Amino acid sequence: MADATARRTKRQRLVEEFENQGAEGRRTLETISCSICAEPFEDPVSLRDSGHTYCRVCITQALANHARCPLSNAPIAVPRGGVDSVLVPNHQFRTLIDSQRVACRYASCGCAARPEVGAADAHEASCPHAPLKCSRCPFLGSRAETEEHMRCWAWSSQRCSRRNRREEAGVA
């Protein structure tokens with residue numbers, strides 16, 4: 001279960017999801033990726049002059065070094081006040097990215113939910129398939145299994161001795 005509980009970033013979730021879809025998924029991933037960092041857009045913004053879209057952090061750093069559009073090489077007049085005046089939030093890309101459905105990180109534990117990537121953390125915080133450890137013994141199971149396990153041992157003053165699912169299955 002160690003890999004099921006590893007917290008992945010929004011970008012990692014999207015990359016994994018699209019990579020699993022084969023060639024079509026990789027094409028979609030390329031479409032929603034920044035040409036500077038080659039990752040799915042994080043806070044996508046477009047340059048006013050060229051219309052090209054980048055991650056806000058990526059284009060801000062790029063324009064600080066060289067005042068040209070990284071794709072078209074067109075000069076960008078960056079005023080003294082900063083780069084924000086030449087950037088426009090790209091709400092279409094943000095909506096497209098945030099609406100992508102991804103597998104719950106507890107899919108390997110039986111969860112079939114596919115929340116939107118923007119809502120995945122909230123789903124996983126209350127996912128009934130999330131592993132939960134017994135407070136009195138090494139038992140580890142889903143929330144429902146652990147709650148049932150603890151109800152069975154609630155009457156006992158001694159520590160419960162039931163092993164977790166992985167130990168019962170012979171998985172170390």
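Given the structure is predicted, the values throughout are model-derived calculations rather than measurements.

Asker: Could you clarify how one ought to interpret the overall build of the protein in this entry?
Answerer: A tally of helices and strands in the protein yields seven helices and five strands. Sorting the 172 residues of the protein into buried and exposed places 32% on the buried side. If you take every contact in the protein between residues at least 6 apart in sequence, the share linking residues at least 24 apart comes to 38%. Of the roughly 10300 Å² of accessible surface on the protein, 51% is carried by carbon and sulfur atoms.

Asker: Explain the pattern of salt bridges here, please?
Answerer: Close approach of charged atoms allows side chains of opposite charge to pair. Summed over the entire model, instances satisfying the criterion amount to eleven salt bridges. Ionic pairing is found between arginine 13 and aspartate 121, a salt bridge with its closest N-O pair at 3.4 Å. Linking arginine 13 in helix H1 (residues 10–19) with aspartate 121 in helix H5 (residues 120–125), this pair joins segments that are 108 residues apart in sequence. Where salt bridges share partners, they join Arg13, Arg105, Asp121 and Glu124 into one cluster.

Cut-off values and rules
Residues numbered from 1 in each chain as written. Predicted model: local features only at pLDDT ≥ 70, side-chain atom pairs only at ≥ 80, totals over all residues. Heavy atoms only, no water. Helix = DSSP H or I, 4+ residues; strand = E, 2+ residues; numbered from the N terminus. Buried < 20%, exposed > 50% of the residue type's maximum accessible area, 1.4 Å probe, protein only. Contact = heavy atoms within 4.5 Å. Areas by Shrake-Rupley, 256 points an atom, 1.4 Å probe, with all protein chains shown as cover. Salt bridge = Lys/Arg side-chain N within 4 Å of Asp/Glu carboxyl O.

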